[in-house]
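# Fold and contact review
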Amino acid sequence: MGFARTCSVALVGVEGVVVEVQADLEPGVAAFTLVGLPDKSLTESRDRVRAAVVNSGGEWPQKKLTVGLSPASVPKGGSGFDLAIASAVLGAAERIDPRVLADIVMIGELGLDGRVRPVRGILPAVLAAADAGYEQVVVPECAAAEAALVPGVSVLGVRSLRQLIAVLADEPVPEEDPDDAGRPDPLLAGLRMPGTGAATGMRGLGAAQQDQDHDLADVIGQSSARTAVEVAAAGGHHLFLEGPPGTGKTMLAERLPAVLPRLNRQESLEVTAVHSVAGLLPPGKPLIDVPPYCAPHHSATMQSLVGGGAGFARPGAVSLAHRGVLFLDETPEFGSHALDALRQPLESGHVVIARSAGVVRFPARFLMVLAANPCPCGRFSQRDTLCECPPSAIRRYQARLSGPLLDRVDLRVEVDPVSRAQLAHRGPGGESTATVADRVGAARERAAARLAGTPWRTNSEVPGRELRNRWHAAVGAMDEAERSLERGVLSARGLDRVLRVAWTVADLVGRDRPGPMDVNLALQLRTGVPRGVPMALEALT
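The rules behind the values
- Residues numbered from 1 in each chain as written.
- Predicted model: local features only at pLDDT ≥ 70, side-chain atom pairs only at ≥ 80, totals over all residues.
- Heavy atoms only, no water.
- Helix = DSSP H or I, 4+ residues; strand = E, 2+ residues; numbered from the N terminus.
- Contact = heavy atoms within 4.5 Å.
- Phe/Tyr/Trp six-rings, centres within 6.5 Å; stacked < 30°, edge-to-face > 60°.
- Buried < 20%, exposed > 50% of the residue type's maximum accessible area, 1.4 Å probe, protein only.
- Pairing = 2+ DSSP bridges.
- Axes fitted to C-alpha atoms, helices over the stretch in contact; angles between N-to-C directions.
- Left-handed = near helix turned anticlockwise from the far one by under 90°.
- Nonpolar A, V, L, I, M, F, W, Y, C, P; charged D, E, K, R; others polar.
- Core = buried A, V, L, I, M, F, W, Y, C linked by side-chain atoms within 4.5 Å.
- Arc of directions from axis to C-beta.

## So, the environment of Met478
- You can see Met478 is positioned in the loop between helix H20 (464-470) and helix H21 (479-486).
- A C-alpha to C-alpha distance of 36 Å links Met478 and Asp215, two positions 263 residues apart in sequence.
- Residue contacts for Met478: discarding those within four places in its chain leaves Ala473, Leu495, Leu499 and Val519.

This is the structure in C-alpha coordinates:
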(Lines give C-alpha, C1' and ligand atoms only; values in the text may rest on other atoms or scores of the structure.)
Protein backbone atom coordinates (compact mmCIF):
# COMPACT_ATOMS: atom_id res chain seq x y z
CA MET A 1 0.00 0.00 0.00
CA GLY A 2 1.26 3.48 -0.92
CA PHE A 3 0.18 6.74 0.61
CA ALA A 4 1.17 10.38 0.03
CA ARG A 5 -0.27 13.77 0.77
CA THR A 6 0.25 17.35 -0.29
CA CYS A 7 -1.81 20.53 -0.07
CA SER A 8 -3.83 22.89 -2.24
CA VAL A 9 -6.30 25.71 -1.57
CA ALA A 10 -10.09 25.93 -1.96
CA LEU A 11 -11.39 29.46 -2.51
CA VAL A 12 -14.59 30.72 -0.92
CA GLY A 13 -15.04 34.17 -2.38
CA VAL A 14 -11.70 35.92 -1.87
CA GLU A 15 -10.86 33.82 1.19
CA GLY A 16 -9.03 30.54 0.98
CA VAL A 17 -9.04 27.28 2.94
CA VAL A 18 -6.00 25.00 2.80
CA VAL A 19 -7.04 21.53 1.64
CA GLU A 20 -4.99 18.41 2.22
CA VAL A 21 -4.88 16.23 -0.90
CA GLN A 22 -4.33 12.57 0.05
CA ALA A 23 -3.66 9.69 -2.36
CA ASP A 24 -3.93 6.03 -1.36
CA LEU A 25 -2.96 3.02 -3.50
CA GLU A 26 -4.24 -0.46 -2.65
CA PRO A 27 -4.17 -3.80 -4.47
CA GLY A 28 -7.29 -4.44 -6.46
CA VAL A 29 -9.07 -3.62 -9.69
CA ALA A 30 -7.65 -0.47 -11.27
CA ALA A 31 -9.99 2.42 -10.45
CA PHE A 32 -9.76 6.13 -9.62
CA THR A 33 -12.09 7.46 -6.91
CA LEU A 34 -12.17 11.13 -5.94
CA VAL A 35 -13.88 12.03 -2.65
CA GLY A 36 -14.19 15.16 -0.53
CA LEU A 37 -17.17 17.13 -1.91
CA PRO A 38 -15.80 17.96 -5.40
CA ASP A 39 -17.86 19.74 -8.06
CA LYS A 40 -18.17 18.78 -11.73
CA SER A 41 -15.02 20.55 -12.91
CA LEU A 42 -13.01 18.95 -10.12
CA THR A 43 -14.43 15.49 -10.83
CA GLU A 44 -13.18 15.80 -14.41
CA SER A 45 -9.65 16.17 -13.07
CA ARG A 46 -9.39 12.37 -12.93
CA ASP A 47 -9.07 12.19 -16.71
CA ARG A 48 -6.86 15.28 -16.98
CA VAL A 49 -4.44 14.04 -14.32
CA ARG A 50 -4.19 10.53 -15.80
CA ALA A 51 -3.42 11.84 -19.28
CA ALA A 52 -0.97 14.45 -17.96
CA VAL A 53 1.01 11.85 -15.96
CA VAL A 54 1.24 9.42 -18.89
CA ASN A 55 2.17 12.14 -21.41
CA SER A 56 4.82 13.45 -19.00
CA GLY A 57 6.68 10.16 -19.10
CA GLY A 58 5.25 8.77 -15.87
CA GLU A 59 3.63 5.39 -15.29
CA TRP A 60 0.03 5.40 -14.12
CA PRO A 61 -0.41 2.93 -11.22
CA GLN A 62 -2.66 -0.01 -12.13
CA LYS A 63 -4.16 -0.32 -8.66
CA LYS A 64 -7.16 0.89 -6.74
CA LEU A 65 -6.55 4.62 -6.31
CA THR A 66 -8.46 6.81 -3.86
CA VAL A 67 -7.85 10.57 -3.69
CA GLY A 68 -9.36 12.40 -0.74
CA LEU A 69 -9.73 16.14 -0.27
CA SER A 70 -9.78 17.09 3.40
CA PRO A 71 -11.66 18.71 5.11
CA ALA A 72 -14.48 16.94 3.31
CA SER A 73 -17.11 19.36 4.61
CA VAL A 74 -15.76 22.31 2.54
CA PRO A 75 -17.16 22.52 -1.04
CA LYS A 76 -14.37 22.38 -3.61
CA GLY A 77 -14.44 23.38 -7.22
CA GLY A 78 -12.30 24.40 -10.15
CA SER A 79 -9.30 22.88 -11.85
CA GLY A 80 -6.68 24.32 -9.50
CA PHE A 81 -6.34 21.01 -7.63
CA ASP A 82 -4.91 19.14 -10.66
CA LEU A 83 -1.27 19.73 -9.83
CA ALA A 84 -1.69 18.64 -6.20
CA ILE A 85 -3.65 15.50 -7.19
CA ALA A 86 -1.02 14.47 -9.73
CA SER A 87 1.82 15.01 -7.24
CA ALA A 88 0.02 13.03 -4.52
CA VAL A 89 -0.59 10.13 -6.90
CA LEU A 90 3.05 10.09 -8.00
CA GLY A 91 4.09 10.22 -4.35
CA ALA A 92 1.89 7.24 -3.50
CA ALA A 93 3.42 5.39 -6.47
CA GLU A 94 6.89 6.26 -5.06
CA ARG A 95 7.91 8.20 -8.17
CA ILE A 96 8.40 11.15 -5.80
CA ASP A 97 9.44 10.95 -2.17
CA PRO A 98 6.19 11.47 -0.16
CA ARG A 99 8.09 13.33 2.56
CA VAL A 100 9.00 16.08 0.10
CA LEU A 101 5.34 16.75 -0.74
CA ALA A 102 3.91 17.03 2.76
CA ASP A 103 4.62 20.74 3.37
CA ILE A 104 4.14 22.13 -0.14
CA VAL A 105 1.02 23.89 -1.42
CA MET A 106 0.33 23.30 -5.12
CA ILE A 107 -2.06 25.30 -7.29
CA GLY A 108 -2.54 24.82 -11.02
CA GLU A 109 -4.49 23.15 -13.80
CA LEU A 110 -2.98 20.39 -15.92
CA GLY A 111 -3.37 20.07 -19.66
CA LEU A 112 -3.54 16.65 -21.22
CA ASP A 113 0.05 17.07 -22.43
CA GLY A 114 1.29 17.85 -18.93
CA ARG A 115 1.58 21.61 -19.26
CA VAL A 116 0.60 23.60 -16.17
CA ARG A 117 -2.04 26.25 -16.79
CA PRO A 118 -2.89 29.17 -14.49
CA VAL A 119 -6.21 29.45 -12.67
CA ARG A 120 -8.11 32.34 -11.16
CA GLY A 121 -7.43 33.36 -7.58
CA ILE A 122 -3.70 32.65 -7.31
CA LEU A 123 -3.06 35.63 -5.01
CA PRO A 124 -5.83 34.94 -2.43
CA ALA A 125 -4.89 31.24 -2.50
CA VAL A 126 -1.24 31.97 -1.69
CA LEU A 127 -2.32 34.45 0.99
CA ALA A 128 -4.39 31.70 2.61
CA ALA A 129 -1.43 29.32 2.46
CA ALA A 130 0.84 31.89 4.09
CA ASP A 131 -1.71 32.55 6.83
CA ALA A 132 -1.85 28.81 7.51
CA GLY A 133 1.92 28.71 8.01
CA TYR A 134 3.08 27.18 4.72
CA GLU A 135 6.31 28.53 3.27
CA GLN A 136 6.59 26.70 -0.08
CA VAL A 137 4.14 27.12 -2.96
CA VAL A 138 4.15 25.69 -6.47
CA VAL A 139 2.20 27.63 -9.10
CA PRO A 140 2.16 27.90 -12.91
CA GLU A 141 5.18 29.74 -14.27
CA CYS A 142 3.14 32.57 -15.81
CA ALA A 143 1.44 33.24 -12.43
CA ALA A 144 4.62 33.18 -10.33
CA ALA A 145 4.86 36.97 -10.26
CA GLU A 146 1.37 37.19 -8.78
CA ALA A 147 2.16 34.59 -6.13
CA ALA A 148 5.44 36.35 -5.28
CA LEU A 149 3.46 39.39 -4.04
CA VAL A 150 2.92 37.51 -0.76
CA PRO A 151 5.88 38.04 1.58
CA GLY A 152 7.51 35.16 3.40
CA VAL A 153 6.60 32.49 0.85
CA SER A 154 9.01 30.66 -1.44
CA VAL A 155 7.39 30.41 -4.89
CA LEU A 156 8.31 27.82 -7.52
CA GLY A 157 6.89 28.48 -10.98
CA VAL A 158 6.71 25.45 -13.27
CA ARG A 159 5.67 25.24 -16.89
CA SER A 160 4.97 21.51 -16.99
CA LEU A 161 4.46 18.49 -14.79
CA ARG A 162 7.75 17.08 -16.10
CA GLN A 163 9.61 20.03 -14.62
CA LEU A 164 7.89 19.63 -11.26
CA ILE A 165 8.72 15.92 -11.09
CA ALA A 166 12.36 16.66 -11.88
CA VAL A 167 12.59 19.36 -9.20
CA LEU A 168 10.95 17.22 -6.50
CA ALA A 169 12.97 14.10 -7.44
CA ASP A 170 16.23 16.10 -7.57
CA GLU A 171 16.77 15.31 -11.27
CA PRO A 172 17.88 17.55 -14.16
CA VAL A 173 15.06 19.90 -15.07
CA PRO A 174 14.01 19.43 -18.72
CA GLU A 175 13.67 22.41 -21.01
CA GLU A 176 10.25 22.95 -22.55
CA ASP A 177 9.95 23.64 -26.26
CA PRO A 178 9.16 27.33 -26.83
CA ASP A 179 5.91 28.27 -28.51
CA ASP A 180 5.89 29.49 -32.09
CA ALA A 181 7.22 33.03 -32.39
CA GLY A 182 4.56 35.66 -32.89
CA ARG A 183 1.76 33.56 -31.42
CA PRO A 184 0.20 34.32 -28.03
CA ASP A 185 1.13 32.05 -25.18
CA PRO A 186 -1.79 29.62 -24.75
CA LEU A 187 -0.97 29.22 -21.07
CA LEU A 188 -1.98 32.84 -20.42
CA ALA A 189 -5.59 32.06 -21.33
CA GLY A 190 -6.33 30.91 -17.79
CA LEU A 191 -5.56 34.32 -16.32
CA ARG A 192 -8.54 36.04 -17.91
CA MET A 193 -12.16 35.05 -18.34
CA PRO A 194 -13.37 35.69 -21.91
CA GLY A 195 -15.75 38.63 -22.20
CA THR A 196 -15.70 39.69 -18.57
CA GLY A 197 -13.86 42.94 -19.22
CA ALA A 198 -16.43 44.20 -21.70
CA ALA A 199 -19.35 43.00 -19.59
CA THR A 200 -18.29 44.92 -16.50
CA GLY A 201 -17.16 48.11 -18.18
CA MET A 202 -13.66 47.83 -16.74
CA ARG A 203 -11.11 50.28 -18.08
CA GLY A 204 -7.59 49.05 -18.71
CA LEU A 205 -6.07 48.78 -15.24
CA GLY A 206 -2.90 50.68 -14.66
CA ALA A 207 -3.65 53.40 -17.18
CA ALA A 208 -5.77 55.64 -14.98
CA GLN A 209 -2.89 57.75 -13.69
CA GLN A 210 -1.13 58.10 -17.04
CA ASP A 211 -4.09 58.38 -19.43
CA GLN A 212 -3.58 61.64 -21.31
CA ASP A 213 -6.98 61.31 -23.00
CA HIS A 214 -8.81 61.79 -19.69
CA ASP A 215 -7.74 65.12 -18.21
CA LEU A 216 -9.91 67.45 -16.18
CA ALA A 217 -8.62 70.36 -18.26
CA ASP A 218 -10.73 69.01 -21.14
CA VAL A 219 -13.97 69.68 -19.22
CA ILE A 220 -15.41 73.02 -20.33
CA GLY A 221 -17.10 75.09 -17.62
CA GLN A 222 -18.92 73.10 -14.92
CA SER A 223 -17.16 74.77 -12.01
CA SER A 224 -19.70 73.41 -9.52
CA ALA A 225 -19.37 69.86 -10.81
CA ARG A 226 -15.56 70.10 -10.80
CA THR A 227 -15.66 71.21 -7.16
CA ALA A 228 -17.94 68.29 -6.32
CA VAL A 229 -15.57 65.86 -8.06
CA GLU A 230 -12.64 67.22 -6.06
CA VAL A 231 -14.54 66.97 -2.77
CA ALA A 232 -15.68 63.43 -3.64
CA ALA A 233 -12.10 62.34 -4.37
CA ALA A 234 -10.68 63.97 -1.23
CA GLY A 235 -13.16 62.39 1.16
CA GLY A 236 -14.41 59.31 -0.69
CA HIS A 237 -17.95 60.70 -0.91
CA HIS A 238 -20.59 59.39 -3.30
CA LEU A 239 -21.66 61.76 -6.07
CA PHE A 240 -24.86 62.31 -8.08
CA LEU A 241 -24.60 64.31 -11.32
CA GLU A 242 -27.91 65.39 -12.85
CA GLY A 243 -28.23 67.32 -16.09
CA PRO A 244 -29.19 67.23 -19.77
CA PRO A 245 -27.36 64.97 -22.22
CA GLY A 246 -24.03 66.23 -23.51
CA THR A 247 -23.13 68.40 -20.53
CA GLY A 248 -20.09 66.38 -19.44
CA LYS A 249 -21.35 63.98 -16.76
CA THR A 250 -19.54 60.99 -18.23
CA MET A 251 -16.40 63.05 -18.86
CA LEU A 252 -16.24 64.04 -15.20
CA ALA A 253 -16.77 60.45 -14.01
CA GLU A 254 -14.07 59.07 -16.33
CA ARG A 255 -11.55 61.58 -14.99
CA LEU A 256 -12.27 60.88 -11.33
CA PRO A 257 -10.02 57.77 -10.94
CA ALA A 258 -6.94 59.75 -11.98
CA VAL A 259 -7.66 62.30 -9.25
CA LEU A 260 -7.71 59.63 -6.54
CA PRO A 261 -4.41 58.78 -4.79
CA ARG A 262 -2.60 55.60 -5.74
CA LEU A 263 -3.38 52.54 -3.65
CA ASN A 264 -1.13 51.59 -0.77
CA ARG A 265 0.25 48.07 -0.40
CA GLN A 266 -2.67 46.65 1.58
CA GLU A 267 -5.27 48.20 -0.71
CA SER A 268 -3.41 46.92 -3.78
CA LEU A 269 -3.46 43.36 -2.45
CA GLU A 270 -7.21 43.63 -1.73
CA VAL A 271 -8.00 44.90 -5.23
CA THR A 272 -5.67 42.42 -6.92
CA ALA A 273 -7.22 39.51 -5.01
CA VAL A 274 -10.73 40.43 -6.18
CA HIS A 275 -9.67 40.81 -9.81
CA SER A 276 -7.70 37.59 -9.65
CA VAL A 277 -10.77 35.66 -8.47
CA ALA A 278 -12.89 37.32 -11.18
CA GLY A 279 -10.41 36.43 -13.92
CA LEU A 280 -9.76 40.09 -14.77
CA LEU A 281 -6.13 40.36 -13.72
CA PRO A 282 -4.19 41.57 -16.78
CA PRO A 283 -1.20 39.39 -17.75
CA GLY A 284 2.13 41.04 -17.11
CA LYS A 285 0.80 43.26 -14.29
CA PRO A 286 0.22 41.10 -11.21
CA LEU A 287 -0.30 44.05 -8.82
CA ILE A 288 -3.01 46.68 -9.34
CA ASP A 289 -1.80 49.89 -7.72
CA VAL A 290 -4.27 52.42 -9.18
CA PRO A 291 -7.97 52.79 -8.32
CA PRO A 292 -10.11 50.64 -10.63
CA TYR A 293 -12.93 52.09 -12.70
CA CYS A 294 -16.05 50.05 -13.40
CA ALA A 295 -18.98 51.31 -15.50
CA PRO A 296 -21.58 48.56 -16.08
CA HIS A 297 -24.33 49.01 -18.66
CA HIS A 298 -27.77 49.95 -17.36
CA SER A 299 -29.11 46.53 -18.40
CA ALA A 300 -26.93 44.88 -15.71
CA THR A 301 -28.73 42.46 -13.40
CA MET A 302 -28.61 42.55 -9.62
CA GLN A 303 -26.23 39.56 -9.58
CA SER A 304 -23.79 41.29 -11.94
CA LEU A 305 -23.81 44.39 -9.74
CA VAL A 306 -23.49 42.93 -6.24
CA GLY A 307 -22.17 39.46 -7.11
CA GLY A 308 -23.61 35.97 -7.17
CA GLY A 309 -24.46 33.60 -9.97
CA ALA A 310 -25.07 29.88 -10.13
CA GLY A 311 -22.85 27.62 -8.03
CA PHE A 312 -19.97 29.45 -6.41
CA ALA A 313 -20.68 33.17 -6.10
CA ARG A 314 -18.52 35.49 -8.19
CA PRO A 315 -17.69 39.13 -7.42
CA GLY A 316 -19.91 41.75 -9.00
CA ALA A 317 -19.30 45.30 -10.18
CA VAL A 318 -19.31 46.73 -6.64
CA SER A 319 -16.42 44.43 -5.71
CA LEU A 320 -14.55 45.01 -8.97
CA ALA A 321 -14.73 48.73 -8.12
CA HIS A 322 -13.36 48.14 -4.61
CA ARG A 323 -11.07 51.07 -3.65
CA GLY A 324 -12.01 52.72 -6.95
CA VAL A 325 -14.95 54.24 -8.82
CA LEU A 326 -18.30 52.65 -9.72
CA PHE A 327 -20.00 54.76 -12.39
CA LEU A 328 -23.69 54.14 -13.10
CA ASP A 329 -24.56 56.13 -16.21
CA GLU A 330 -28.26 56.58 -17.01
CA THR A 331 -29.00 55.49 -13.46
CA PRO A 332 -32.83 55.63 -13.71
CA GLU A 333 -32.64 53.03 -16.48
CA PHE A 334 -31.18 50.43 -14.08
CA GLY A 335 -33.61 47.99 -12.50
CA SER A 336 -35.03 49.17 -9.20
CA HIS A 337 -34.08 45.89 -7.46
CA ALA A 338 -30.49 46.21 -8.70
CA LEU A 339 -30.19 49.79 -7.47
CA ASP A 340 -31.72 49.08 -4.07
CA ALA A 341 -29.31 46.18 -3.63
CA LEU A 342 -26.53 48.77 -3.44
CA ARG A 343 -27.78 50.16 -0.13
CA GLN A 344 -26.00 47.69 2.16
CA PRO A 345 -22.60 47.83 0.39
CA LEU A 346 -22.68 51.63 0.48
CA GLU A 347 -22.96 51.51 4.27
CA SER A 348 -20.94 48.44 5.23
CA GLY A 349 -18.17 48.39 2.60
CA HIS A 350 -18.65 44.70 1.83
CA VAL A 351 -21.16 42.27 0.28
CA VAL A 352 -22.33 39.06 1.92
CA ILE A 353 -23.89 36.53 -0.50
CA ALA A 354 -25.63 33.44 0.86
CA ARG A 355 -25.82 30.35 -1.35
CA SER A 356 -26.50 26.69 -0.72
CA ALA A 357 -22.77 26.01 -1.05
CA GLY A 358 -21.96 28.54 1.67
CA VAL A 359 -21.76 32.22 2.54
CA VAL A 360 -19.32 34.39 0.62
CA ARG A 361 -18.04 37.83 1.65
CA PHE A 362 -16.57 40.21 -0.94
CA PRO A 363 -15.04 43.63 -0.20
CA ALA A 364 -16.98 46.54 -1.72
CA ARG A 365 -15.74 49.91 -0.48
CA PHE A 366 -16.06 52.07 -3.57
CA LEU A 367 -16.82 55.63 -4.60
CA MET A 368 -20.15 55.65 -6.43
CA VAL A 369 -20.96 58.18 -9.14
CA LEU A 370 -24.55 58.36 -10.40
CA ALA A 371 -25.46 60.21 -13.59
CA ALA A 372 -29.01 60.89 -14.73
CA ASN A 373 -31.04 63.09 -17.03
CA PRO A 374 -33.70 65.29 -15.40
CA CYS A 375 -36.50 63.69 -17.45
CA PRO A 376 -37.04 61.08 -20.20
CA CYS A 377 -36.24 63.58 -22.98
CA GLY A 378 -33.39 65.10 -20.97
CA ARG A 379 -34.33 68.75 -21.49
CA PHE A 380 -36.31 69.52 -18.33
CA SER A 381 -35.06 72.64 -16.56
CA GLN A 382 -36.37 75.36 -14.31
CA ARG A 383 -34.98 78.05 -16.62
CA ASP A 384 -36.54 77.13 -19.99
CA THR A 385 -39.48 75.26 -21.48
CA LEU A 386 -37.76 72.98 -24.01
CA CYS A 387 -39.01 69.82 -22.26
CA GLU A 388 -42.11 68.21 -23.76
CA CYS A 389 -42.54 65.49 -21.12
CA PRO A 390 -45.79 65.60 -19.11
CA PRO A 391 -45.35 66.19 -15.36
CA SER A 392 -46.46 62.65 -14.58
CA ALA A 393 -43.70 61.21 -16.79
CA ILE A 394 -41.10 63.42 -15.10
CA ARG A 395 -42.26 62.29 -11.65
CA ARG A 396 -42.16 58.61 -12.64
CA TYR A 397 -38.70 59.00 -14.16
CA GLN A 398 -37.23 60.75 -11.13
CA ALA A 399 -38.95 58.33 -8.71
CA ARG A 400 -36.91 55.43 -10.12
CA LEU A 401 -34.14 56.51 -7.77
CA SER A 402 -35.43 55.60 -4.34
CA GLY A 403 -35.14 57.95 -1.38
CA PRO A 404 -33.07 55.53 0.76
CA LEU A 405 -30.51 55.18 -2.05
CA LEU A 406 -30.22 58.94 -2.60
CA ASP A 407 -29.96 59.47 1.16
CA ARG A 408 -26.65 57.59 1.01
CA VAL A 409 -25.26 59.97 -1.63
CA ASP A 410 -23.29 62.85 -0.09
CA LEU A 411 -22.99 65.21 -3.07
CA ARG A 412 -25.72 66.18 -5.55
CA VAL A 413 -24.86 68.59 -8.33
CA GLU A 414 -26.87 69.89 -11.26
CA VAL A 415 -24.71 69.95 -14.39
CA ASP A 416 -25.75 72.87 -16.62
CA PRO A 417 -25.54 72.95 -20.44
CA VAL A 418 -22.38 74.52 -21.82
CA SER A 419 -22.92 77.91 -23.45
CA ARG A 420 -21.69 78.96 -26.88
CA ALA A 421 -19.28 81.47 -25.34
CA GLN A 422 -17.68 78.74 -23.21
CA LEU A 423 -17.24 76.46 -26.21
CA ALA A 424 -15.73 79.28 -28.29
CA HIS A 425 -13.31 80.34 -25.54
CA ARG A 426 -9.71 79.67 -26.67
CA GLY A 427 -7.89 80.70 -23.52
CA PRO A 428 -6.53 78.36 -20.86
CA GLY A 429 -9.07 75.80 -19.65
CA GLY A 430 -9.73 74.58 -16.17
CA GLU A 431 -7.19 73.04 -13.84
CA SER A 432 -5.51 69.85 -14.97
CA THR A 433 -5.88 66.47 -13.34
CA ALA A 434 -2.37 66.69 -11.87
CA THR A 435 -3.12 69.99 -10.13
CA VAL A 436 -6.37 68.74 -8.60
CA ALA A 437 -4.77 65.41 -7.64
CA ASP A 438 -2.08 67.24 -5.67
CA ARG A 439 -4.70 69.07 -3.60
CA VAL A 440 -6.65 65.87 -3.10
CA GLY A 441 -3.51 64.08 -1.92
CA ALA A 442 -2.74 66.86 0.57
CA ALA A 443 -6.32 66.74 1.91
CA ARG A 444 -6.10 62.98 2.31
CA GLU A 445 -2.86 63.33 4.24
CA ARG A 446 -4.52 65.79 6.64
CA ALA A 447 -7.42 63.38 7.17
CA ALA A 448 -5.06 60.42 7.65
CA ALA A 449 -3.07 62.34 10.26
CA ARG A 450 -6.25 63.24 12.14
CA LEU A 451 -7.55 59.65 11.96
CA ALA A 452 -4.24 58.04 12.92
CA GLY A 453 -4.76 55.19 15.36
CA THR A 454 -8.29 54.48 14.11
CA PRO A 455 -9.50 51.92 11.54
CA TRP A 456 -10.59 54.71 9.17
CA ARG A 457 -8.56 56.58 6.59
CA THR A 458 -11.05 58.90 4.87
CA ASN A 459 -13.80 61.14 6.19
CA SER A 460 -16.54 59.12 4.49
CA GLU A 461 -15.63 56.04 6.56
CA VAL A 462 -15.94 57.68 9.99
CA PRO A 463 -19.16 56.67 11.80
CA GLY A 464 -21.54 59.45 12.76
CA ARG A 465 -21.26 58.82 16.50
CA GLU A 466 -17.48 59.25 16.33
CA LEU A 467 -17.86 62.50 14.42
CA ARG A 468 -20.27 63.88 17.01
CA ASN A 469 -18.21 62.76 20.00
CA ARG A 470 -14.58 63.21 18.93
CA TRP A 471 -14.31 65.58 15.95
CA HIS A 472 -16.54 68.60 16.39
CA ALA A 473 -17.11 71.49 14.01
CA ALA A 474 -16.53 75.06 15.11
CA VAL A 475 -19.02 76.55 17.58
CA GLY A 476 -22.24 77.44 15.77
CA ALA A 477 -21.09 76.01 12.44
CA MET A 478 -23.78 73.29 12.41
CA ASP A 479 -26.71 75.58 13.24
CA GLU A 480 -28.05 75.81 9.67
CA ALA A 481 -27.69 72.05 9.15
CA GLU A 482 -29.51 71.32 12.41
CA ARG A 483 -32.36 73.62 11.40
CA SER A 484 -32.61 71.66 8.13
CA LEU A 485 -32.92 68.49 10.21
CA GLU A 486 -35.77 70.01 12.22
CA ARG A 487 -37.59 71.05 9.03
CA GLY A 488 -37.28 67.53 7.60
CA VAL A 489 -34.91 68.55 4.79
CA LEU A 490 -32.20 66.29 6.24
CA SER A 491 -32.41 62.90 7.91
CA ALA A 492 -30.19 61.95 10.83
CA ARG A 493 -27.96 60.09 8.37
CA GLY A 494 -27.96 63.16 6.14
CA LEU A 495 -26.80 65.37 9.01
CA ASP A 496 -23.85 63.05 9.66
CA ARG A 497 -22.97 63.09 5.99
CA VAL A 498 -23.05 66.89 5.89
CA LEU A 499 -20.53 66.93 8.74
CA ARG A 500 -18.32 64.42 6.90
CA VAL A 501 -18.33 66.55 3.75
CA ALA A 502 -17.62 69.67 5.84
CA TRP A 503 -14.52 68.00 7.25
CA THR A 504 -13.39 67.19 3.70
CA VAL A 505 -13.90 70.81 2.61
CA ALA A 506 -11.91 71.96 5.65
CA ASP A 507 -9.10 69.54 4.70
CA LEU A 508 -9.04 70.91 1.16
CA VAL A 509 -8.81 74.53 2.25
CA GLY A 510 -6.36 73.78 5.10
CA ARG A 511 -8.53 74.48 8.17
CA ASP A 512 -8.19 72.63 11.47
CA ARG A 513 -11.96 72.17 11.82
CA PRO A 514 -15.04 73.00 9.73
CA GLY A 515 -16.43 76.51 10.02
CA PRO A 516 -19.85 77.90 9.01
CA MET A 517 -18.77 78.40 5.37
CA ASP A 518 -17.52 74.80 5.13
CA VAL A 519 -20.74 73.39 6.60
CA ASN A 520 -22.93 75.58 4.38
CA LEU A 521 -21.03 74.46 1.28
CA ALA A 522 -21.45 70.84 2.38
CA LEU A 523 -25.16 71.49 2.96
CA GLN A 524 -25.42 73.09 -0.48
CA LEU A 525 -23.71 70.11 -2.10
CA ARG A 526 -25.94 67.73 -0.15
CA THR A 527 -29.34 69.29 -0.89
CA GLY A 528 -28.69 71.14 -4.14
CA VAL A 529 -30.33 74.26 -2.64
CA PRO A 530 -28.21 77.44 -2.97
CA ARG A 531 -27.02 78.77 0.40
CA GLY A 532 -25.16 81.84 -0.81
CA VAL A 533 -21.81 80.06 -0.59
CA PRO A 534 -19.37 80.21 -3.53
CA MET A 535 -18.79 76.81 -5.10
CA ALA A 536 -15.11 77.53 -5.78
CA LEU A 537 -12.94 76.15 -2.98
CA GLU A 538 -10.37 78.93 -3.33
CA ALA A 539 -13.08 81.44 -2.34
CA LEU A 540 -13.35 79.77 1.08
CA THR A 541 -9.73 80.23 2.07
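## Remarks on the packing of aromatic side chains
- Per the counting criterion, the structure on display carries 1 aromatic pair.
- Ring centres of Phe32 and Trp60 lie 5.6 Å apart, and the angle between their planes is 45°; on these two criteria the pair is classed as tilted. Placement of Phe32 in strand E3 (residues 31-35) and of Trp60 in the loop between helix H2 (45-55) and strand E4 (64-70) is noted, with a sequence separation of 28 residues between them. For the pair formed by Phe32 and Trp60, the shared burial category is buried.

## Description of the sheet that holds strand E11 (residues 293-294)
- The strand order across the open sheet formed by 5 strands is E11-E12-E15-E10-E16, and the pairing between neighbours is parallel. Two strands bound the open sheet, and with one partner strand each, they are E11 and strand E16 (411-414).

## Describing the packing of helix H9 (residues 223-235) against helix H10 (residues 249-259)
- Between H9 and H10, the shortest axis-to-axis distance is 10 Å and the interhelical angle comes to 40°. When you trace H9 past H10, the crossing you get is right-handed. Residues Ala225, Arg226, Val229 and Ala233 of H9 touch H10, and the partners they reach there are Leu252, Leu256 and Val259.
- Within the contact of H9 with H10, the residues separate by chemical class into 6 nonpolar, no polar and 1 charged.

## Brief notes about unusual backbone geometry
- Residue Ser70 is joined to Pro71 through a cis peptide bond whose omega torsion reads 5°.
- By the element assignment, Pro71 lies in the loop between E4 and helix H3 (82-92).
- For Asp170, which is not glycine, the phi torsion reads 60° and is therefore positive.
- Summarising the element assignment, Asp170 is placed in the loop between helix H7 (161-168) and helix H8 (196-200).
- Unusually for a residue other than glycine, Glu330 sits at a positive phi of about 55°.
- Note on placement: Glu330 falls in the loop between strand E12 (325-328) and helix H14 (336-340).
- What makes Glu330 partly exposed here is its relative accessible area of 28%.

## Things to note about the side chain of Glu230
- Mapped onto the elements, Glu230 comes out in helix H9.
- Overall, Glu230 belongs to the buried group, its relative accessible area being 5%.
- Ignoring anything within four residues of it in the chain, the contact list for Glu230 reads Val436, Arg439, Val440, Leu508 and Leu537.

## A few points about the nonpolar core
- Counting residues in each nonpolar core, the largest one holds 55 residues, and the members touching the most others are Val231, Leu239, Leu241, Val369 and Leu525.
- With 9 residues, the single largest contributor to this core is helix H22 (residues 492-509).
- Apart from residues lying up to four places away in sequence, Val231 is in contact with Gly236, His237, Leu411, Val501, Thr504, Val505, Leu508, Leu525 and Leu537.
- Counting residues in hydrophobic clusters, the runner-up holds 37 residues, among them Ala52, Met106, Val116 and Leu168.

## Some words on the environment of Pro118
- Mapped onto the elements of the fold, Pro118 is located in the loop between strand E7 (116-117) and helix H5 (122-131).
- On the basis of relative accessibility, which here comes to 1%, the residue Pro118 falls in the buried class.
- For the pair Pro118 and Ala278, spaced 160 residues apart in sequence, the C-alpha to C-alpha distance is 13 Å.

## Some details on H2
- Along H2, the residues classified as buried are Ser45, Arg48, Val49, Ala52 and Val53. Around the axis of H2, the buried residues are gathered within 125° of arc, so they sit on the same side.
- Among the residues trailing H2, Gly57 stands out with phi positive, at a value near 90°.

## What to know about the pairing of strand E10 (residues 239-242)
- Taken together, the 4 bridges between E10 and strand E15 (residues 367-372) define a ladder with parallel strand orientation. Across the sheet, Leu239 pairs through a bridge with Val369, a residue of E15.
- When E10 meets E16, the two strands line up parallel, connected through 4 bridges. Counted as the bridge partner of Glu242 is Glu414 from E16.

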